[in-house]
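Structural characterization, general
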Amino acid sequence: MLERAKYRLRYNDDIEFYGRFCEQLPFDDNTFSQIICLNSFHYYTHQGDVLRHFRRMLKPGGNLWILDWNRTGSFKIASTLISWLSPENINSRSLDEMKILLQENDFNILEKETWGYRWWNFFFVRCIPC
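Notes on the structure follow. (Residues numbered from 1 in each chain as written. Predicted model: local features only at pLDDT ≥ 70, side-chain atom pairs only at ≥ 80, totals over all residues. Heavy atoms only, no water.)

**Focus: a nonpolar patch on the surface**
Note the following rule: Each patch is assembled from residues with relative accessible area greater than 30% and no salt bridge, linking like charges that lie within 9 Å and nonpolar side chains (Val, Leu, Ile, Met, Phe, Trp, Tyr) that lie within 5 Å. All accessibility values rest on the Shrake-Rupley procedure with a 1.4 Å probe; residue burial counts only the protein chains present in the view. Take a side-chain nitrogen of Lys or Arg and a carboxyl oxygen of Asp or Glu: if they are within 4 Å of each other, that pair is a salt bridge. Labels follow the DSSP assignment, with helices taken as runs of H or I lasting at least four residues and strands as runs of E lasting at least two, numbered in each case from the N terminus.
A cluster of nonpolar residues, I77, L81, W84 and L85, forms a patch on the protein surface that exposes about 530 Å² of accessible area. Topologically, W84 is positioned in helix α3 (residues 75-85).

Right, here's the structure in full:
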């Protein structure tokens, strides 16, 4: 995906790409006013550590936006099957589980939403550091 993004955005000179784990990103504290985590949070092995790094990199009053799989309803079964069959770490959460994890890592949730498409469920949260 990184190579594909580099190719598609090859004419934009002001974009930098980093192929690293979140915990290894080379950014100082208070660097970003917005961090967007789109459909990838379930891949992080140490999700609490990732949230602490997001919080560290956010400027005061900055927003963290997370959209990810919502392990609820019939998607619990699909999520379990995916985690068994995938060689990658898969740790999807329900919105309620995500709210707890965010609170444990000093984030306040400002907006939240859930929806589904066929048997696939999603959640969205926008939050700020406490």
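Further notes follow.
**Structural notes on the sheet that holds strand β2 (residues 58-69)**
Under the convention used in this document: Strands qualify as paired when DSSP identifies two bridges or more between them. Only the contacting stretch of a helix is used when fitting its axis, a line to C-alpha atoms as for every element, and angles between N-to-C directions run 0 to 180 degrees. In this analysis, two residues are considered to be in contact whenever any of their non-hydrogen atoms come within 4.5 Å of each other.
Taken together, the four strands give an open sheet; going across it, the order is β1-β2-β4-β3, and neighbouring strands pair in mixed fashion. Because the sheet does not close on itself, it has two edges, and the strands there are β1 (32-38) and β3 (107-117). The mean angle between the axes of side-by-side strands here comes to 10°, regardless of whether they run parallel or antiparallel. Bridge count between β3 and strand β4 (residues 120-129): 10 bridges; the pairing is antiparallel. In the sheet register, W115 faces β4, and the bridge partner there is F122. Sheet strands in contact with helix α4 (residues 95-104) are β2, β3 and β4, and its direction is about 160° off that of β3.

**A closer look at unusual backbone geometry**
Unlike most non-glycine residues, N30 shows phi in positive territory, near 55°. Tracing the sequence through the fold places N30 in the loop between α1 (2-8) and β1. Its identity is not glycine, yet N39 carries a phi of approximately 55°, on the positive side. Structurally, N39 can be placed in the loop between β1 and α2 (47-57).

**Description of the nonpolar core**
So the rule is basically this: By nonpolar core we mean a set of buried residues, namely Ala, Val, Leu, Ile, Met, Phe, Trp, Tyr and Cys, connected to one another through side-chain atoms within 4.5 Å. The buried label applies to any residue whose accessible area, calculated with a 1.4 Å probe on protein chains only, is under 20% of its type's maximum; exposed applies above 50%, and partly exposed to all values in between.
In terms of nonpolar packing, the biggest core is built from 19 residues, with F41, L51, F54, L64, I66, L102 and F107 touching the most fellow members. Of all the elements in the fold, those that place two or more residues in this core are β1, α2, β2, α4 and β4. Ignoring any residue separated from it by four or fewer positions in sequence, one finds L64 in contact with I35, L51, F54, L58, L102, F107, V125, R126 and C127. F75, A78, I90 and F122 belong to the second-largest nonpolar core, a separate cluster that totals five residues.

**Description of the layout of surface pockets**
Applicable threshold: With a 1 Å grid spanning the protein atoms alone, the term cavity applies to any set of points in which a 1.4 Å probe fits but cannot get out, the term pocket to an open set with protein on both sides within 12 Å along at least five of seven lines, and the term lining residue to any residue with an atom within 4 Å of a point. Grid points are joined across faces, edges and corners, and a volume is the space filled by probe spheres set on the points. Asp, Glu, Lys and Arg are counted as charged, while Ala, Val, Leu, Ile, Met, Phe, Trp, Tyr, Cys and Pro are counted as nonpolar; the rest, among them Gly, fall into the polar class.
By volume, the largest pocket is sized at about 1,300 Å³. Along the wall of the largest pocket there are 29 residues; nearest its centre are Y18, L25, I36, S40 and Y44. When residues of the lining of the largest pocket are traced back to their parent elements, those giving at least two are α1, β1 and α2. Top contributing element to the lining of the largest pocket by residue count: β1, with six residues. Of the residues assigned to the lining of the largest pocket, the class counts are 20 nonpolar, six polar and three charged.

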